[in-house]
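Per-entry structural report
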Amino acid sequence: MKLYRATIEDYESIIAFYDDVTTRTPDIERYARWQKDKHPTENGIRSYIEEGSMYIYKENDTIIGAMAVTMYQGEDYHAIEWSKQVQDNEAAVIHILAVSPDCQRKGIGSEMIREAIRLAQTHRMKAIRLDALASNTPAHKIYKALGFEFRGQQHLYAENTAWTDFYFFEYND
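Reference entry: report on the structure contained in this document. All values derive from a computational prediction rather than experimental measurement. (Residues numbered from 1 in each chain as written. Predicted model: local features only at pLDDT ≥ 70, side-chain atom pairs only at ≥ 80, totals over all residues. Heavy atoms only, no water.)

**Section: the pattern of salt bridges**
Going by this rule: Salt bridge, as applied in this entry: a Lys or Arg side-chain nitrogen positioned within 4 Å of an Asp or Glu carboxyl oxygen. Only runs of H or I of at least four residues qualify as helices and only runs of E of at least two qualify as strands under DSSP, and these elements are numbered from the N terminus. Exposure is judged per residue with a 1.4 Å probe applied to protein chains only, and the accessible area is read against the type maximum: over 50% gives exposed, under 20% gives buried, and values in between give partly exposed.
With the rule as written, the count across this model stands at 13 salt bridges. Residue Glu50 is joined to Arg46 by a salt bridge in which the shortest nitrogen-to-oxygen separation is 4.0 Å. With a gap of four residues between them, Glu50 and Arg46 both fall in helix α2 (residues 42–50), about one helical turn apart. Since its relative accessible area comes to 57%, Glu50 is described here as exposed. With a relative accessible area of 32%, Arg46 lands in the partly exposed category. With a shortest N-O distance of 3.2 Å, Glu111 and Arg114 are connected by a salt bridge. Here the residue Glu111 and the residue Arg114 both occupy positions in helix α3 (residues 108–122), the gap between them amounting to three residues, near one helical turn. The partly exposed category is assigned to Arg114, whose relative accessible area is 34%.

Shown next as structure tokens:
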């Protein structure tokens, strides 16, 4: 699999992709709690594209997977007891990973995470992290199977969830 760095020309297609994922993924409101126009947002996706952090996976010119991989972590990550103490610009973080409902349960999401790990290693990141809602138990299983360890929990506010618990994971290489 090859991930492609998204460009602004991909913006409309990426928005349509996330709208489709949000609309058609079974139980998304139960696990990830994504909502159209609340998370992921058009402005957030545009920002990831503009900073060069948005990646897409295409099959026959159709986006079937997308995610953001930032080469920095935000303040929400400071309160967690990580196994590796690193500066914000030394930790890669995987965000808004999604696979088309037509292609789920085929290992694409796992392969995308492996590609994100390789990408972070290529950029010489010292840590690879991510977060997920506490309710997103299917995602937790995938992360653990790929070598991520649960490192902590925070009660945070997000537009699509209001106040809720987030679990934080770190890749154990």
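Let us keep going from here.
**Quick notes on unusual backbone geometry**
At the junction of His39 and Pro40, the peptide bond is cis and its omega measures out at -10° in the coordinates. Within the fold, Pro40 resides in the loop between α1 (11–24) and α2. Its identity is not glycine, yet Asp37 carries a phi of approximately 70°, on the positive side. The residue Asp37 is located in the loop between α1 and α2 in this model. The class of Asp37 is exposed, set by a relative accessible area of 53%. If you check the backbone angles, Asn60 has positive phi at about 55° while not being a glycine. Its location among the elements puts Asn60 in the loop between β2 (54–59) and β3 (62–70). Among the residues examined, Asn60 registers a relative accessible area of 72% and is labelled exposed.

**Describing helix α4 (residues 137–145)**
Heads up, the condition is: The directions from the helix axis to the C-beta atoms are what the arc is built from. Working rule for contacts: check all heavy atoms of both residues, and any pair within 4.5 Å makes them a contact.
All of the buried residues along α4 are Ala139, His140 and Tyr143. Down the axis of α4, the sector holding all buried residues measures 105°, keeping them to one side. Facing away from the buried side of α4 by more than 90 degrees, the exposed set consists of Lys141 and Ala145. Along its buried surface, α4 packs onto α3, β5 (127–133), β6 (148–158) and β7 (162–171). Trailing α4 by a residue or two, Gly147 shows a phi angle of about 100°, which is positive.

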